[in-house]
Amino acid sequence: MTNRHLITDVTSLQGTVEIPGDKSISHRAIMFGSIADGTTTIRNFLAGEDCLSTISCFQKLGVTIQQDGTNVTIEGKGLNGLQEAKELLDVGNSGTTIRLMTGILSGLPYHSVLAGDASIAKRPMTRVVEPLRKMGANIEGREQGKYTPLSIRGGKLHGITYELPVASAQVKSAILLAGLQAEGQTTVIEPARTRNHTETMLQMFGVNVNTNDRTITIEGNQKLTGTDIMVPGDISSAAFFLTAGAIVPNSRILLKNVGLNETRSGMIDVLLAMGADFAIINENHSSEPSGDIEIATSNLKGTEINGDIIPRLIDEIPIIALMATQAEGTTIISDAKELKVKETNRIDTVVSELTKLGADITATDDGMIIKGKTPLTGGTVNSHGDHRIGMMLAIAATIAQGDVILEDAEAVAVSYPNFFEHLQQLMK
Ligand code: S3P
C-alpha cells in the first residue's frame, strides 16, 4: 500500500489534458473482438488495470490479443473459437469483467471459474446469476450464487423477457450477451436508461439489437464480425478535472476528447445546474459522440440530484460530492442506493473521507446531503482501494489548507494510471 503526500493549496490549474479511453467501451471492445470472427483493432484503449484483467481473461480462453499501450489487435475466431480455460479467470477489481463474462460464458459448453479481489468478493452477483439461470444457465457460487467465486457450466440457453430490478448496464449487458447465443428472442426492460455501449457496439460488430426507449431486444444465434473501434475519452475520468477546474481558484483547463454519450453525460447536466463556467467545443457526432470541454473557476450553487439522471452519473457521484462542498447552499443526492455496492460502499467512503477534511456532509439511506461552501483542511485520508475515491481525494487536496496524505493511492491505476501525472502537469 503506497501513501502519497499530496500537493495542497494550489494557486491555479492551467493547461490541457488528453482524457484516456473510456473504461466501459474498452472492456466491451476486448470482449466483442474476442467473440467475433476476424480481426478487431482498438485505438485509444484504456490500459488501466480493469481492462487489462479483461484481456488476460480472454487470453486464458485461448484468444490471441496483442496490446501495445493504447493499441490492441485481436484475432477473433468466433464464439466457438474460445477454449475451456486451464485456470481460474481472475477479474481483479472489475465488476464489468465478471458480470459481462458470466453472460458470455453461460452459453459456452465448458467449465469456467471467475473470481476477483476482496472488493469483488463482496459485490452482489445474484443480479446476473438469477436472470441467466432463467435462461437455462448453470451457475454456482458462494451462498447459492450470491457471491464469487462463480462456477459456470455453460450450455444451451433460451431467450427470456426480463424486467431489471435495478438500473444496471452490467446486468443488461450480461443478459444481452447470453441472449445473443440463446434460442429465440431476449428482451430486457430497464427501470431507467443505463449506458448503452453494449447495444451500440454490438451493432458495429454486425449484430441486430433493437432499442425502444427502455426496452432492448436481441435475436438469438447471431454472430459477430471483427471491426475497428476508436474509443473516446472517459467522461467518468474527465469528471475529476472538470471539478478541479471549477473549484481551484484562477483556473482554466481544456479536456480533450471526452465521450458525450447521453446515457453517460449526467455530469454535464449537473455542471449546468450548479452554474459552472464551461463550454463544449469540437463536437463529434459519431455513434459514440465526443467533444472537448473547457472549464474555468466557477461560482457554484447547490442542486438536487435524483431520479432518472442517477444511472447517467452514478460513477461521478464521489467527485460531484466534493464539488458540492464548494457550492453555495445545499446539495441533496438521493435515489442512489446503488452506490453501496460499488468498488466500496461509496456513500460511506465519500462521507467518512470528506468529513476528515472538514466537509459538512451527511449520509442518507440512498445518497447524501452536502452543505457548502466549506473550506477544506489537511488530514490523512484513505482510498479504501477504490480508484474513484482516491482521485476524488486527490482533487480535494488541491484546495485543502494543510497537508493531505492519501493512503492506498495506487488504487487510481484501475481506471486512470497516469492520473497523478496529469494533475501535476496542470499545477502552475
Ligand atoms: C458499468 C456499469 C455501471 C458502472 C460501472 C461500469 C459498465 O455499473 O457503475 O462502473 O461498464 O457497464 P452497474 O451496471 O452496476 O450500474
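Reading the values: the criteria
- Residues numbered from 1 in each chain as written.
- Predicted model: local features only at pLDDT ≥ 70, side-chain atom pairs only at ≥ 80, totals over all residues.
- Heavy atoms only, no water.
- Near = heavy atom within 4 Å.
- Polar contact = N/O pair within 3.5 Å; in protein donor to acceptor, adjacent residues only side chain to side chain.
- Areas by Shrake-Rupley, 256 points an atom, 1.4 Å probe, with all protein chains shown as cover.
- Nonpolar A, V, L, I, M, F, W, Y, C, P; charged D, E, K, R; others polar.
- Pairing = 2+ DSSP bridges.
- Helix = DSSP H or I, 4+ residues; strand = E, 2+ residues; numbered from the N terminus.
- Axes fitted to C-alpha atoms, helices over the stretch in contact; angles between N-to-C directions.
- Contact = heavy atoms within 4.5 Å.
- Buried < 20%, exposed > 50% of the residue type's maximum accessible area, 1.4 Å probe, protein only.
- Arc of directions from axis to C-beta.
- Phe/Tyr/Trp six-rings, centres within 6.5 Å; stacked < 30°, edge-to-face > 60°.
- Parallel < 35°, antiparallel > 145°, perpendicular 65-115°, else oblique.
- Core = buried A, V, L, I, M, F, W, Y, C linked by side-chain atoms within 4.5 Å.
- Domains from an automatic or database assignment.
- Buried area = accessible area lost by both parts, 1.4 Å probe.
- Salt bridge = Lys/Arg side-chain N within 4 Å of Asp/Glu carboxyl O.

1. Observations regarding the site of the ligand
The local shell around the ligand consists of S24, R28, T96, A167, S168, A169, Q170, R195, I314, D315 and K342. Here R28 contributes a side-chain N or O atom positioned 2.6 Å from an oxygen atom of the ligand. Contact between the ligand and K342: an oxygen atom at 2.7 Å from a side-chain N or O atom of the residue. Surface burial for the ligand is 95%, taken as the share of its 390 Å² of free accessible area covered by protein chains. Of the residues in the shell around the ligand, the class split is three nonpolar, four polar and four charged.

2. Digging into the pairing of strand β12 (residues 209-212)
Where β12 meets strand β13 (residues 215-219), four bridges bridge the pair, whose relative direction is antiparallel. Paired with V209 across the bridge in β13 is I218. Once β12 ends, the chain turns through two residues before running back antiparallel as β13, passing D213 with a positive phi of about 55°.

3. Some details on the sheet that holds strand β22 (residues 377-382)
One open sheet accounts for three strands, arranged β1-β23-β22; its pairing is mixed. Of all strands in the sheet, those with a lone pairing partner are β1 (4-6) and β22, marking the two edges. Shown here is a sheet whose adjacent strand axes are inclined to one another by a mean of 15°, direction ignored. Where helix α12 (residues 387-399) meets the sheet, it contacts β1, β22 and β23 (401-407), and its direction lies at approximately 165° from that of β23.

4. Comments concerning helix α13 (residues 419-426)
Looking only at α13, the buried set comprises F419, F420, H422, L423 and L426. The arc that holds every buried residue of α13, seen down its axis, measures 160°, which confines them to one face.

5. Section: the packing of aromatic side chains
Using the criterion set out here, one finds six aromatic pairs in the structure. A ring pair is formed by F240 and F419, whose centres lie 6.2 Å apart and whose planes are at 75°; its orientation type is edge-to-face. Of the two residues, F240 sits in helix α8 (residues 235-247) while F419 sits in helix α13, which places them 179 residues apart along the sequence. The buried category is assigned to F240, whose relative accessible area is 1%. Between F419 and F420, the ring centres sit 5.3 Å apart and the planes meet at 70°, which makes this aromatic pair edge-to-face. Comparing F419 with F420 shows no difference in burial state: the two are buried. Every member of this aromatic cluster is reached through a ring pair, and the members are F240, F241, Y416, F419 and F420.

6. Digging into the packing of helix α6 (residues 169-179) against helix α7 (residues 197-204)
Look at α6 against α7: their axes get within 9 Å of each other, and the N-to-C directions meet at 30°. In terms of orientation, α6 lies roughly parallel with respect to α7. Of α7, the residues touching α6 (which contributes K172, S173, L176 and L177) are T198, E199 and L202.

7. Description of the nonpolar core
In terms of nonpolar packing, the biggest core is built from 76 residues, with F241, M368 and F419 touching the most fellow members. Every residue in contact with F419, bar those within four places of it in the chain, is listed here: F240, F241, M391, A394, I395 and V412. Formed by 65 residues, the second largest nonpolar core is a distinct cluster that contains I35, F58, I98 and V171.

8. Topic: the sheet that holds strand β4 (residues 64-68)
In any sheet, the strands associate via hydrogen bonds between backbone groups, in a parallel or an antiparallel arrangement. The strand order β4-β5-β3-β14 describes an open sheet built from four strands, whose pairing is mixed. Because the sheet does not close on itself, it has two edges, and the strands there are β4 and β14 (228-230). The average undirected angle you get between the axes of adjacent strands in this sheet is 10°. As paired elements, strand β3 (residues 37-43) and β14 share three bridges and run parallel to each other. Within β14, the residue paired with T41 across the bridge is D228.

9. Comments concerning the domain arrangement of the chain
Domains assigned within the chain are domain 1 (4-21 + 232-426) and domain 2 (23-230). The straight-line distance from the C-alpha centre of domain 1 to that of domain 2 is 29 Å. Listed as interface residues are 27 residues of domain 1 and, on the opposing side, 26 residues of domain 2. With both sides pooled, the region where domain 1 packs onto domain 2 buries about 2,200 Å², and carbon together with sulfur makes up 47% of that total. At the boundary of domain 1 and domain 2, one finds four salt bridges. In terms of residue class, the side of domain 1 that touches domain 2 is made up of nine nonpolar, eight polar and 10 charged.

10. A short note on the environment of G402
By secondary structure assignment, the location of G402 is in strand β23. Its relative accessible area of 29% is what places G402 among the partly exposed residues. Considered as a pair, G402 and S236 are 166 residues apart in the sequence and their alpha carbons are 28 Å apart.

11. A look at unusual backbone geometry
Geometrically, the link from T148 to P149 is a cis peptide bond, its omega value of -5° lying close to zero. G372 connects to K373 through a cis peptide bond whose omega is 5°. One can find K373 in the loop between β21 (367-372) and β22. For N282, which is not glycine, the phi torsion reads 50° and is therefore positive. In this structure, N282 sits in strand β16 (residues 277-284).

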